[in-house]
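Geometric and topological summary
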Amino acid sequence: MHIIFLNPQGNFDQKDSHLTEHADFGGQLVYVKEISKALVEQFPDLKVDIVTRRFKGDGWSSEFEKEISYYPGVSCRLRIVRIPCGNDSFLRKELLWQHIPEWTDNIIRFYRNQLPDYATAHYGDGGYAAVLLKKKTGIPFTFTGHSLGAQKLDKLYKKEPDFNKLDKWYHFSKRIQAERLSLQYADIIITSTDMERYKQYSHPLYHDVVDVEMAEKFAVISPGVNTSLFNQIVDEKDSALFRRIEKKWGETKKPGIILSSRLDDKKNHISAVRAYAESKELQQKASLGIFIRGMKNPYEEVGKLPDKERIILQSIIDEINRYHLREKVFFLDLTSQKELAGAYKYFALKHSVFVLTAFYEPFGLAPIEAGACGLVPVTTKNGGPSDIFKNDMGILIDPADTEDIARGITKALENYEEYADKVIRLVKEKYTWAKTAEGYYRVISNTPGNSTEKEFDLPELDAKELILKYLKSL
């Protein structure tokens, strides 16, 4: 069986050069890569292609120019296939929509008379490509939305109630229509948790194209942890990293309160920083560690960041200065997933906690990666973490309440061993990529072959009228 993973935004390369440091190279790329690897490792009857967009120049890795690449040490039955569309430049995901039809046509040309048997589509742009492929070839597909545009629109609209202004940057009219089509024509919708199914997909902007009560339309398949990377085993590279961190952190001899999400409004870093700043008890118990990539001295280099990231980091720095916390807050520059895992291990040995105060988190892969290394997760109660860490397997907090955040962190620090043991056991039992791949294989194997449903009409990629009607009803 030949499966393709449709993921036009970002890109994939052998060294994961930009993974998680850019909004378009975020967690969904980790998700696609790890499932693809696990599939070919476990099922010798599978051939898997990660299909993404080809581009070059602008300071990006020359690897992204190659039509086909392979991951070192992984079966040659897994390929990265780069298909061009639009111009040669990198395009952020919000600007890809108009090029998806061309991208899809080029995918069909690439495979010619040997079309894949099945597609799995990721995010709205991958979903839209899968819909177009299904219409033209009959290839069935699963859709994994990761996060949906309607929830993002709701949050941003509260801050900026000018839809035209939001639409100009985020292209919600196109994104939400693409998601609607993806939900309507997907053979199976894959969610990470039951909560994601009932909360995300029941939004009024999708209710006429998908019924969350139709169990046969959905499959709940949790993401996993790369346990060969995120574990408690300390190797030579980890030891070298430990020495580097110790030079900065060692004198405090305190546990860490660790923030490692990328600088993004929805991750809500400022509430975690504020909770620490307002709590003398927390400051006595632990130091605050903020992982940030590519900056040796954020206090001096903040001005070099793009506007959105600069505003977030500057607000953190302002809070640190306001409460005179420079001796208690440490920024760590980590340049790879390997270093991230190593840093988690270092702080686990200090009985530290991992904090995620996102306003909403569809799943919450980062907390279980940290948990696999021995950190205790203190996470938002909004979204997937409430499913993952239910029954007191982790500590859930209200991301809008700094007192509740401080309460959760204090509880984690005071009960470190109890919660660390629980989370390590939880990851081993439920959250590995091998189990995720098994779920995908089961779904794909039980879905009929090429669909006869090819002749269906597609509306314009524009949901503006529908969105305006919804916003007016609020």
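Preceding block: the structure.
Let us look at the structure shown here. If you're wondering where the values come from, they're calculated on a predicted model, not measured in any experiment.

Moving on: the overall build of the protein chain. When helices and strands are tallied, the protein chain shows 19 helices and 14 strands. Here the protein chain has a C-alpha radius of gyration of 22 Å; the compact-globule value for 474 residues is 23 Å, and the two agree. Each of the three principal axes of the protein chain carries a C-alpha extent, and together these read 65 × 55 × 45 Å. Going through the 474 residues of the protein chain one by one, you find that 59% of them count as buried. Residue pairs in contact within the protein chain that sit at least 24 positions apart in sequence constitute 74% of those at least 6 positions apart. Approximately 20,200 Å² of the protein chain is accessible, and the part contributed by carbon and sulfur atoms is 48%.

Attention shifts here to the packing of helix α4 (residues 149-159) against helix α6 (residues 172-185). Between two packed helices, both the angle of their axes relative to each other and the distance between the axes serve to describe the pair. Remark: α4 packs on α6, axes separated minimally by 9 Å, with the N-to-C direction vectors making an angle of 145 degrees. Between α4 and α6, the contacting residues are Gly149, Ala150, Lys152, Leu153 and Leu156 on the first element and Phe172, Arg175, Ile176 and Glu179 on the second. A breakdown of the residues in the contact of α4 with α6 according to their chemical character gives 5 nonpolar, 1 polar and 3 charged.

Turning our eyes to something else, we now look at the pairing of strand β6 (residues 141-144). Of the two faces of β6, the one carrying Phe141 and Phe143 and the one carrying Thr142 and Thr144 are both buried. Pairing of strand β5 (residues 118-122) with β6, which is carried by 4 bridges, proceeds in the parallel orientation. The residue bridging alanine 121 from the neighbouring strand is phenylalanine 143, located in β6. Taken together, β5, helix α3 (residues 123-137) and β6 form a β-α-β motif whose crossover is right-handed. Of the pairings in the sheet, the one linking β6 to strand β7 (residues 188-191) comprises 2 bridges and is parallel in character. Looking at β7, one finds that phenylalanine 143 is bridged to isoleucine 189.

A few words on the sheet that holds β6. Taken together, the 8 strands give an open sheet; going across it, the order is β3-β4-β2-β1-β5-β6-β7-β8, and neighbouring strands pair in mixed fashion. The sheet is open, and its two borders are formed by β3 (68-69) and β8 (218-220), each paired with just one other strand. Along the sheet, helix α2 (residues 100-111) makes contact with β1 (2-6), β2 (47-53), β3 and β4 (78-83), crossing β4 at roughly 130 degrees.

It is worth spelling out the pattern of salt bridges at this point. Counted under the stated rule, the structure contains 28 salt bridges. A salt bridge links lysine 93 to aspartate 24; the shortest N-O distance between them is 3.0 Å. Here lysine 93 is found in the loop between β4 and α2, whereas its partner aspartate 24 is found in the loop between β1 and α1 (27-42), with 69 residues between them in sequence. In terms of burial, lysine 93 and aspartate 24 fall into one category: buried. Notably, a salt bridge pairs aspartate 187 with lysine 134, separated by 3.1 Å at the nearest N-O pair.

The rules behind the values
Residues numbered from 1 in each chain as written. Predicted model: local features only at pLDDT ≥ 70, side-chain atom pairs only at ≥ 80, totals over all residues. Heavy atoms only, no water. Helix = DSSP H or I, 4+ residues; strand = E, 2+ residues; numbered from the N terminus. Rg over C-alpha atoms; globule rule 2.2 N^0.38 Å. Buried < 20%, exposed > 50% of the residue type's maximum accessible area, 1.4 Å probe, protein only. Contact = heavy atoms within 4.5 Å. Areas by Shrake-Rupley, 256 points an atom, 1.4 Å probe, with all protein chains shown as cover. Axes fitted to C-alpha atoms, helices over the stretch in contact; angles between N-to-C directions. Nonpolar A, V, L, I, M, F, W, Y, C, P; charged D, E, K, R; others polar. Pairing = 2+ DSSP bridges. Right-handed = clockwise from strand over helix to strand, strands pointing away. Salt bridge = Lys/Arg side-chain N within 4 Å of Asp/Glu carboxyl O.

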